[in-house]
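Coordinate analysis (summary)
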Amino acid sequence: MTTESTQRSGTAVSAHNTDAERPASGTPPRTADGSIKTSLQRLAAGFRNYYTGPLADAHLMVTLCIILSILGVVMVLDASGPASLRDYGNYYSVFIRQCIFMIIGWVGFYIALRVPFSLLRKIAFPLYLLSIVLLILVAIPGIGQERNGARSWFDFGPVAFQPSELAKVIIIMVVALYLGQLTPMSKIGDTLRPMGLFIPVIVLVILQKDLGMAVTYGVVLLAFLFFGRLPGSVIWITAGGAAVLFLILTLTTGFRTDRLITYWHQLTGGSYDAQGVGYQARQAQLALADGGFTGVGLGQSRAKYFYLPEAPNDFIFAIIGEELGFIGALVVAVLYTVLGFVGLRIARRVLDPSLRLIACVGTTSVVVQAFINMGYVVGLFPVTGLQLPLISAGGSATVTTLFLLGLITSTARHERAAIAAISTGSGKFGRALRLPVPPVYAVDDTPDFGRFTNLARWMVGEHSTVDTASRSTDPRWSHPRPGPPRAPTPSATLDSPRGSSASWQPSRKQAASPRDLRMRGNEGLSVDPRSGATRPRMNGGDPARSSRPYPADAPLPPWESRPDGPRTLPPLERPQGRRWNPPSRGSGGDSRYGGPPPA
């Protein structure tokens, strides 16, 4: 009996506990699968908001740079191992050096995010002068070192620096900041004057015999002409001149002529001197052929074992195609395509013209250089020596490219939606990195170039502006319309702005008529100190009264009840009251212009 009662009480307690733990009616039981599903949904929602929200362009740009940087470090480790072991006795020497330059590049990326564009405007021209000095020094024998036929390097022991890469970023920044001052009424010459900054840079690069970098500068110049909305004739003439110069420089140098001949044989399906000048291009095609559709596997390349020269640098795309196949090569091409799409979308969304040019021209230079590299590896273009951005092994190219992409990312933070989101507390990573809140751009903002403001204005055809608004309090005097000067209308007097809707006033040297004296009263008269003529004044003797012949008890319009401040433009709706229009020219003589309005 005791056992049965104990069992019943235990059953009742367990049933009570089960009922207490049971959820309310209508609520589904919470299981482990449900919590995992909810977490995945939250993660997907956060991921979607991260890449589709107001800061999506900045996030996409950072993500693409991270993916390309990781891919570049991995492929440099893979492609440079045998050559690094042969040259330096260490399998990881080139890889470690590339990692150091990659870290320095990401520090430059962060600096580009933090530095305000107002500071860049003030130091733009000094940076341009610095780049010119560096390009001059590197062209001097004994100071600059020659590599692969081009004297364009500074050697500092284990570290080498190419100043033309730094000059490319500086010229993009300087010309974009100067062209951002242009208005829709600017002439073609005002746009071409800042383009003259390219001339000394391109000349110095040509003197270094660096044809690949000269091609890059040509691409940047054409991008400025295109996005600067110059006429198509100017763009085509510049492109034709660049093509002629390219042919001249190619045909006057022996090894460049051999490259052009090799390229021609590749287009016709043959090969030219496969064991000599055409060896590198031929080995790149063989490596791509070995890769096939899926590749031979990461780290399984045979071309890197001294078959393909410059495997970690100019022809690293051939190693990617061999190890990762057509799929891997296509992924790399898609990454650069998405990078170009995001960069141009940033340029379309930002309001500041200078930042718009930095975004579109900088993106074009990076993406076009990438496709030129992939093109000459597969045989579509002649070999020019341009590297694959962020993937090829190279110190100065990696650092400057990341700094340029950092400027583009900073431009993405200047979009209208991005500024609104940052101002309201969005952007956790920006707050964690202590990035400044970007300023709001206004159309009437005047760019401040510091000590070089007059030079910047001269670059776009502007001169030192003198305040001419003292001639009249009407703002239309300080910003006249473009075109030839217009003759003043008969209703324009000292107190009545030209072309305004103010009522008729006697001219300066004409005395007021008896009819006007009776209409306005003597308290509304004033004497011209220069001519002595009597004329009615704008306020009609009453500081709160306008010069319009309104009844004494009529309220003043809101745009004329500001005697203590500057005269403002009337609203868009038509003002109430009678307005006298002067007769057309040549009808009625000059006497009708100075007389009173018709009854």
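Residues numbered from 1 in each chain as written. Predicted model: local features only at pLDDT ≥ 70, side-chain atom pairs only at ≥ 80, totals over all residues. Heavy atoms only, no water.

1. Digging into the overall build of the chain
Using the following cut-off: Numbered from the N terminus, helices here are DSSP runs of H or I no shorter than four residues, and strands are runs of E no shorter than two. Exposure is judged per residue with a 1.4 Å probe applied to protein chains only, and the accessible area is read against the type maximum: over 50% gives exposed, under 20% gives buried, and values in between give partly exposed. Residue contacts are defined here by distance: any two heavy atoms, one from each residue, within 4.5 Å place the two residues in contact. Values of accessible area rely on a 1.4 Å probe in the Shrake-Rupley scheme; residue burial ignores everything except the protein chains shown.
In terms of regular secondary structure, the chain is built from 21 helices and 5 strands. Of all 599 residues assigned to the chain, the portion counted as buried reaches 40%. Partitioning the contacts of the chain with sequence separation of at least 6, the portion at a separation of at least 24 is 63%. Accessible area of the chain: about 33000 Å², with a carbon and sulfur share of 62%.

2. Some remarks on the side chain of Ser410
Of note, Ser410 is situated in helix 15 (residues 395-412). The exposure class of Ser410 is buried, given its relative accessible area of 2%. Each residue touching Ser410, except ones within four places of it in the same chain, is listed here: Ala112, Leu113 and Phe117.

3. Digging into the pairing of strand 2 (residues 150-156)
For clarity, the threshold we go by: Any two strands between which DSSP finds at least two bridges are classified as paired.
Direction of pairing for strand 1 (residues 145-147) relative to strand 2: antiparallel, over a ladder of 3 bridges. Across the sheet, residue Gln145 finds its bridge partner in strand 2, namely Trp153. With antiparallel pairing between neighbouring strands as the criterion, strand 1 and strand 2 make up a hairpin whose turn holds 2 residues, including Asn148 at a positive phi of roughly 55 degrees. One ladder, built from 3 bridges, connects strand 2 with strand 3 (residues 159-161); its direction is antiparallel. Residue Asp155 lies in a different strand from strand 3, and its bridge partner there is Ala160. In this antiparallel pair of consecutive strands, strand 2 and strand 3, the connection spans 2 residues, and Gly157 shows a positive phi of 70 degrees.

4. Brief notes about helix 6 (residues 163-179)
Threshold: In a helix, the anticipated span is given by 1.5 Å times the number of residues less one.
Given a rise of 1.5 Å per residue, 17 residues ought to cover 24 Å, and the 24 Å separating the end C-alpha atoms of helix 6 matches this to within 8%. When you tally the buried positions in helix 6, you get 16 out of 17 residues, the bulk of the element.

5. Quick look at the confidence of the model for the chain
The cut-off we apply is this: pLDDT: the predictor's confidence for each residue, scored from 0 to 100.
In the predicted model, the chain carries a mean pLDDT of 75, and 70% of its residues have values of at least 70. Contacts from residues 464-512, a stretch scored under 50 in pLDDT, to residues over four places away or in other chains number 76 contacts. A low-confidence stretch, residues 535-550 stays under pLDDT 50, and its non-local contacts, those more than four residues away or across chains, total 58 contacts.

6. What about the packing of aromatic side chains?
For any two aromatic rings, the description comes down to two numbers: the centre-to-centre distance and the angle of the planes. Here is the rule we go by: Stacked, tilted and edge-to-face are the three classes applied to pairs of Phe, Tyr and Trp rings, where Trp contributes its six-membered ring and a pair requires centres within 6.5 Å; stacked means planes under 30 degrees apart, edge-to-face means over 60, and tilted covers the rest. Two thresholds decide whether a charge sits over a ring: the Lys NZ or Arg CZ must be within 6 Å of the ring centre and within 35 degrees of the ring normal.
For the structure shown, the criterion picks out 9 aromatic pairs. Geometrically, the ring pair formed by Phe198 and Phe224 is edge-to-face, given 5.9 Å between the ring centres and 65 degrees between the ring planes. You can see Phe198 sitting in helix 8 (residues 198-207) and its partner Phe224 sitting in helix 9 (residues 211-227), a full 26 residues away along the chain. Given a relative accessible area of 0%, Phe224 falls into the buried group. A centroid spacing of 5.8 Å and a plane angle of 25 degrees characterise the contact between Phe293 and Phe326, whose relative ring orientation is stacked. Highlighted residues: Phe293 in the loop between helix 12 (279-291) and helix 13 (316-349) and Phe326 in helix 13, separated in sequence by 33 residues. An aromatic cluster is built from Phe125, Tyr128 and Phe452, whose rings are joined through pairwise contacts. One residue, Arg193, lies across the ring of Trp458, its end atom 5.4 Å from the ring centre.

7. Notes on the packing of helix 5 (residues 117-138) against helix 6
The condition is simple: Only the stretch in contact is used when a helix axis is fitted, and all axes are lines through C-alpha atoms; the angle between N-to-C directions ranges over 0 to 180 degrees. Crossing handedness is defined as follows: a turn of the near helix away from the far one that is anticlockwise and smaller than a right angle gives a left-handed crossing, while the clockwise case is right-handed. Just so you know the grouping, Ala, Val, Leu, Ile, Met, Phe, Trp, Tyr, Cys and Pro go in nonpolar, Asp, Glu, Lys and Arg go in charged, and all remaining residues, Gly too, go in polar.
Relative orientation of the contacting elements helix 5 and helix 6 amounts to 150 degrees, with a least axis distance of 9 Å. Considering the relative orientation of helix 5 and helix 6, their crossing is left-handed. Here Leu120, Arg121, Ala124, Phe125, Leu127, Tyr128, Ser131, Leu134, Leu135 and Val138 of helix 5 lie close against helix 6, whose contacting residues are Pro163, Ser164, Leu166, Ala167, Ile170, Ile171, Met173, Val174, Leu177 and Tyr178. Taken together, the residues of the contact of helix 5 with helix 6 sort by class into 17 nonpolar, 2 polar and 1 charged.

8. Digging into the nonpolar core
Rule in force here: The nonpolar core is taken to be a set of buried Ala, Val, Leu, Ile, Met, Phe, Trp, Tyr and Cys residues, with the residues joined through side-chain atoms within 4.5 Å.
Within the largest apolar cluster, 100 residues are counted, with the highest numbers of intra-cluster contacts made by Tyr128, Ile171, Phe198, Phe224, Tyr336 and Leu405. Filtering out sequence-adjacent residues up to four positions away, Leu405 remains in contact with Met61, Cys65, Phe109, Leu339, Val366 and Leu390.

9. A look at the sheet that holds strand 1
As summarised here, the arrangement of the 3 strands in space is 1-2-3, forming an open sheet in which the pairing is antiparallel. Of all strands in the sheet, those with a lone pairing partner are strand 1 and strand 3, marking the two edges. Between one strand axis and the next, the sheet turns through 50 degrees on average, direction left out of account.

10. What to know about the packing of helix 9 against helix 10 (residues 232-251)
To be explicit about the condition: Should an angle lie under 35 degrees it is considered roughly parallel, over 145 roughly antiparallel, and from 65 to 115 roughly perpendicular; all remaining angles are considered oblique.
Close contact between helix 9 and helix 10 brings their axes to 10 Å; oriented N to C, the two are set at 175 degrees. Judged by the angle between their axes, helix 9 and helix 10 are roughly antiparallel. Along the contact surface, helix 9 presents Leu211, Val215, Leu221, Leu222, Leu225 and Phe226, while helix 10 presents Ile235, Thr238, Ala239, Phe246, Leu249 and Thr250. Among the residues making up the contact of helix 9 with helix 10, the classes are represented as 10 nonpolar, 2 polar and no charged.

11. Things to note about the pattern of salt bridges
To be explicit about the condition: By definition here, a salt bridge exists when the distance from a side-chain nitrogen of Lys or Arg to a carboxyl oxygen of Asp or Glu is within 4 Å.
Summed over all chains, the structure comprises 10 salt bridges. One salt bridge connects Asp190 with Arg193, and the closest N-O pair in it is separated by 3.7 Å. Taken together, the positions of Asp190 and Arg193, both in helix 7 (residues 188-195) and 3 residues apart, correspond to about one turn of that helix. Linking Arg302 and Asp290 is a salt bridge whose minimum nitrogen-to-oxygen distance equals 3.4 Å. With Arg302 in the loop between helix 12 and helix 13 and Asp290 in helix 12, this pair connects stretches of sequence that are 12 residues apart. Residue classification places Arg302 among the exposed residues on the basis of a relative accessible area of 55%.

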